[in-house]
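# Coordinates in review
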Amino acid sequence: MNTHSFLRQQIRRQIRQIRQKLTALEQQQAEIAITEQALQLIEQKKAQNIALYFACDGEISTRLLIECLWQQGKNVFLPVLHPFCPGHLLFLAYQPDTSMHKNVLGIWQPKLNVQQVLPLCEMDIIFVPLVAFDLQGNRLGMGGGFYDRTLQDWQQKSFIPVGLAHKCQQVEQLPIESWDMPLAQILVG
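Every chain is numbered independently, its residues counted from 1 as its sequence is written. Totals for whole chains, interfaces and linings use all residues, but because this is a predicted model, local features are given only for residues with pLDDT of at least 70 and pairs of side-chain atoms are given and counted only at 80 or more. Only heavy atoms go into the side-chain values, all of them from the structure, while hydrogens and water stay out.

Another point: the overall build of the protein. Elements are defined by DSSP. Helices are runs of H or I of four residues or more, strands are runs of E of two residues or more, and each kind is numbered from the N terminus. From N to C terminus, the protein includes four helices and ten strands. The N-to-C order of helical and strand elements in the protein reads α-α-β-α-β-β-β-β-β-β-β-α-β-β. Taken over C-alpha atoms, the radius of gyration is set against a globule rule of 2.2 Å times the number of residues to the power 0.38. Scaling as 2.2 N^0.38, a compact globule of 189 residues should have a C-alpha radius of gyration of about 16 Å, and the protein matches this with 16 Å. Each of the 189 residues in the protein was classed as buried or not, and the buried ones make up 47%. Pairs of residues are marked as contacts when any of their non-hydrogen atoms sit within 4.5 Å. Considering only contacts in the protein between residues 6 or more positions apart, those separated by 24 or more positions represent 70%. Working definition of accessibility: Shrake-Rupley area with a 1.4 Å probe, residue cover restricted to the visible protein chains. Of the roughly 10,000 Å² that the protein leaves accessible, carbon and sulfur atoms contribute 52%. Charged side chains in the protein number 16 positive and 16 negative. The centres of these two groups are separated by 5 Å. Only protein chains enter the accessibility calculation, which uses a 1.4 Å probe; a residue whose area is less than 20% of its type maximum is buried, one above 50% is exposed, and one in between is partly exposed. None of His or the chain ends enter the tally, which takes Lys and Arg as positive and Asp and Glu as negative. Lysine's charge is taken at NZ, arginine's at CZ, aspartate's at CG and glutamate's at CD.

Here is the structure:
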């Protein structure tokens, strides 16, 4: 393992430990703050098709935001591991009655239904989870590269990628790799 990889793993481990120590109240306050910021951004961008994720491992919960978007008549999508293209994501429509299951990574996702897939070119905002971030907009994920592959060349696409994070996830500078995709914006709760 080279020095860069070791540093990245060390940052992941440290930030995840810090994030997991957040209290239920701190998590709830962050969710409320993020929801308010995200709703403002969605209104500002006049976004209709919004991808979110189900929080795990201490990530900021998106449940309140999802409920608000449903009330506003927005289209909500969740990531699904691509069945034929390993390491890639599809985004499926998510409604209150959507059938869900845990994927191989233990994350809840909609059951695959090709009629519910929205192509990336029709997405307006993709809210992405992250482990750590810096002020340059760099994001460090869990290490699987799913979002980096999904966000490849996002500047030429119709959507913007926006990270959701706790304040404690900010680091001064991330050691970045060529495949890392910087985000358009990071909302901090």
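Our next topic: the UniProt feature "coiled-coil region" (unreviewed entry) in the protein. UniProt positions are given in the numbering used here, feature names are shortened, and annotations may be inferred rather than shown by experiment. In the numbering used here, UniProt assigns the feature "coiled-coil region" (unreviewed entry) to residues 8-45. Its end C-alpha atoms 33 Å apart, residues 8-45 is made of 92% helix and 0% strand.

By secondary structure assignment, the location of Gln-169 is in the loop between strand E9 (160-165) and strand E10 (185-188). Take Gln-169: its relative accessible area is 1%, and that puts it in the buried class. For the pair Gln-169 and Asn-113, spaced 56 residues apart in the sequence, the C-alpha separation amounts to 34 Å. Setting aside chain neighbours within four positions, we find Gln-169 in contact with Ile-15, Arg-19, Leu-130, Val-131, Ala-132 and Phe-133. We define a polar contact as two N or O atoms separated by no more than 3.5 Å, with the added condition that, inside protein, one atom must be a possible hydrogen donor and the other a possible acceptor, whereas residues neighbouring each other in sequence contribute only through side-chain atom pairs. At 2.7 Å, the side chain of Gln-169 and the backbone oxygen of Leu-130 are in polar contact.

Pairing of aromatic rings covers Phe, Tyr and Trp, the last through its six-membered ring, and needs centres within 6.5 Å; plane angles under 30 degrees mean stacked, over 60 mean edge-to-face, and all others mean tilted. Scanning the model with the defined rule gives two aromatic pairs in all. Each ring, one from Phe-54 and one from Tyr-94, has its centre 5.4 Å from the other, and the planes form 90°; the classification is edge-to-face. Of the two residues, Phe-54 sits in the loop between strand E1 (49-51) and helix H3 (63-71) while Tyr-94 sits in the loop between strand E3 (89-93) and strand E4 (100-102), which places them 40 residues apart along the sequence. A ring pair is formed by Trp-70 and Tyr-94, whose centres lie 5.2 Å apart and whose planes are at 40°; its orientation type is tilted. Of this pair, Trp-70 sits in helix H3 while Tyr-94 sits in the loop between E3 and E4, and the two are 24 residues apart along the sequence. Three or more aromatic residues joined by ring pairs make a cluster, and in this case those are Phe-54, Trp-70 and Tyr-94. Geometrically, a charge over a ring is one whose NZ (Lys) or CZ (Arg) sits within 6 Å of the ring centre while staying within 35 degrees of the ring normal. In this structure, Arg-63 is placed above the aromatic ring of Phe-54, and the distance from its NZ or CZ to the ring centre is 4.7 Å. The lysine or arginine in question, Arg-149, covers the ring of Phe-146, its NZ or CZ lying 5.8 Å from the ring centre.

So, on to the sheet that holds E9. Pairing within the open sheet is mixed, and its six strands lie in the order E3-E2-E1-E6-E9-E10. Either end of the sheet is taken by a strand with one partner, and the two such strands are E3 and E10. Each adjacent strand pair in this sheet contributes to an overall mean axis angle of 30°, direction not counted. Paired strands, in this sense, are two strands between which DSSP finds at least two bridges. Note that strand E6 (residues 125-128) and E9 share four bridges and pair parallel. Bridging from a neighbouring strand, Val-128 pairs with Gly-163 of E9. Lines are fitted to the C-alpha atoms to define the axes, a helix being fitted only along its stretch in contact, and any angle between axes, read from their N-to-C directions, falls within 0 to 180 degrees.

As a further point, take the pairing of E9. Of all six residues making up E9, six are buried, and the element is well covered by its neighbours. With burial as the criterion, each face of E9 is covered, one bearing Ile-160, Val-162 and Leu-164 and the other bearing Pro-161, Gly-163 and Ala-165.

Our focus in this paragraph is the nonpolar core. Definition of nonpolar core: a set of buried residues of the types Ala, Val, Leu, Ile, Met, Phe, Trp, Tyr and Cys, connected through side-chain atoms within 4.5 Å. Judged by nonpolar contacts, the single largest core of 45 residues is most densely connected at Leu-52, Ile-126, Phe-127 and Leu-151. Looking at this core, the elements with two or more residues in it are helix H2 (24-45), E1, H3, strand E2 (75-81), E3, E6, E9 and E10. Among the elements that make up this core, the one with the highest residue count is H2 (five residues). The contact partners of Leu-151, leaving out residues within four places of it in the chain, are Ile-126, Val-128, Phe-159, Pro-161, Met-181 and Leu-183. One finds Ile-11, Val-131, Ala-132 and Leu-174 within the second-largest nonpolar core, a separate group that totals seven residues.

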